[in-house]
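An overview of the molecular structure
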Amino acid sequence: MVSPSALLGDVLSIWLAALLAIIAYRCLTGRISIAGLFQGADGRFSPGRVQLLASTLGVLGTFVLTVLDKHSMSDVPDSLLVVMLASHGAYLAGKHLARNRFT
Amino acid sequence: MHTGPALAVEWVVVAFIALLALIILYKIFNGTIPLTGLLNEPVGADTAVATAAAASAANPPAQAAVVTIQGKASLSRLQLLLFTFVIAGLYLTLCLEAGSMVDIPNQVLGLLGISSGSYAVSKGIQMSNS
């Protein structure tokens, strides 16, 4: 007989996957708009946004592969934190400067 | 070994959480809980009013409808969403494998903290200039 905790684990896994699938599908069909994702405050193309998205996907990919390989979260390299800090710091600094320039 | 009452309470708690999760998912699916602006930055009030007026003038039936005004996509929202889903999913997977709650190391808390902090600072920059 299945235990309650095992059943809850399965339900939550399916729930999380279904929610992610709904969001991804709606992004693809345009019901959740991602228009202007790479536009800055001035409406022009923003390299800072591209680097943030690229570093985010890179860090997430490395993180997922490391955790799935070691079956533990404790072996995540510290260098990921440095990359994240640098990338987000650059993005926020650029955003702050751009906003001040156009206001 | 669980006693009878303890097992009954466990099933009630599991059924409650599972039912709540399914109701939320169903309402998201049929649109009762809208996700339309999930990844959009809010536009300023003056822009929203001007855009709604223009939409109503161009399309009179829109006057009776709720006009949804969206800003452009927000990268800080997107990265926070991705980090939350990935870390929650992996944590759930590891817990199910181990059969108990596993420790979350400081590096992972740091990653989530940077992601959330960046989102908060980004909103702060927007608010300070609006």
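Residues numbered from 1 in each chain as written. Chains lettered and ligands numbered in written order. Predicted model: local features only at pLDDT ≥ 70, side-chain atom pairs only at ≥ 80, totals over all residues.

1. Observations concerning the overall build of chain B
Along the backbone of chain B there are 4 helices and 0 strands. Listing each helix as α and each strand as β along chain B from the N terminus yields α-α-α-α. Out of the 130 residues in chain B, the part that is buried amounts to 15%. (Helix = DSSP H or I, 4+ residues; strand = E, 2+ residues; numbered from the N terminus. Buried ≥ 20, exposed ≤ 12 C-beta atoms within 10 Å, placed from the backbone.)

2. Re the domain arrangement of chain A
Per the domain assignment, the segments of chain A are domain 1 (1–35) and domain 2 (36–103). Domain 1 of chain A and domain 2 of chain A are separated by 24 Å when their C-alpha centres are compared. (Domains from an automatic or database assignment.)

3. Considerations on unusual backbone geometry
The phi torsion at His 71 of chain A lies on the positive side, around 55°, for a residue other than glycine. Mapping His 71 of chain A onto the fold places it in the loop between α2 (47–70) and α3 (79–102).

4. A word on the interface of chain A and chain B
At the interface, 46 residues of chain A touch 42 residues of chain B. At the level of elements, α1 (4–29), α2 and α3 of chain A are the ones that each hand at least two residues to the side of chain A that touches chain B. With 15 residues, the top contributor of residues to the side of chain A that touches chain B is α1 of chain A. Residue classes in the side of chain A that touches chain B are distributed as 29 nonpolar, 11 polar and 6 charged. (Contact = placed C-beta atoms within 7 Å. Nonpolar A, V, L, I, M, F, W, Y, C, P; charged D, E, K, R; others polar.)

5. Details of the nonpolar core
Core analysis: the biggest nonpolar cluster contains 15 residues, and Phe 63 and Leu 80 of chain A together with Leu 111 of chain B have the highest contact counts within it. Listing elements by their share of this core, those giving two or more residues are α2 and α3 of chain A together with α3 (75–98) and α4 (106–129) of chain B. Among all residues touching Leu 111 of chain B, those that are not within four sequence positions of it are Phe 63, Leu 80, Leu 81 and Met 84 of chain A together with Phe 83 of chain B. Counting residues in hydrophobic clusters, the runner-up holds 7 residues, among them Leu 52 and Tyr 91 of chain A together with Leu 39 and Ala 73 of chain B. (Core = buried A, V, L, I, M, F, W, Y, C linked by C-beta atoms within 7 Å.)

6. Some thoughts on the environment of Ala 98 of chain A
Residues and elements named next belong to chain A. Structurally, the position occupied by Ala 98 is in helix α3. For Ala 98, a count of 18 C-beta atoms within 10 Å puts it in the partly exposed group. When the C-alpha positions of Ala 98 and Ala 41 are compared, they lie 6.7 Å apart, and in sequence the two are 57 residues distant. Non-local contacts of Ala 98, meaning those with residues more than four positions away in its chain, are made with Gly 40, Ala 41 and Asp 42.

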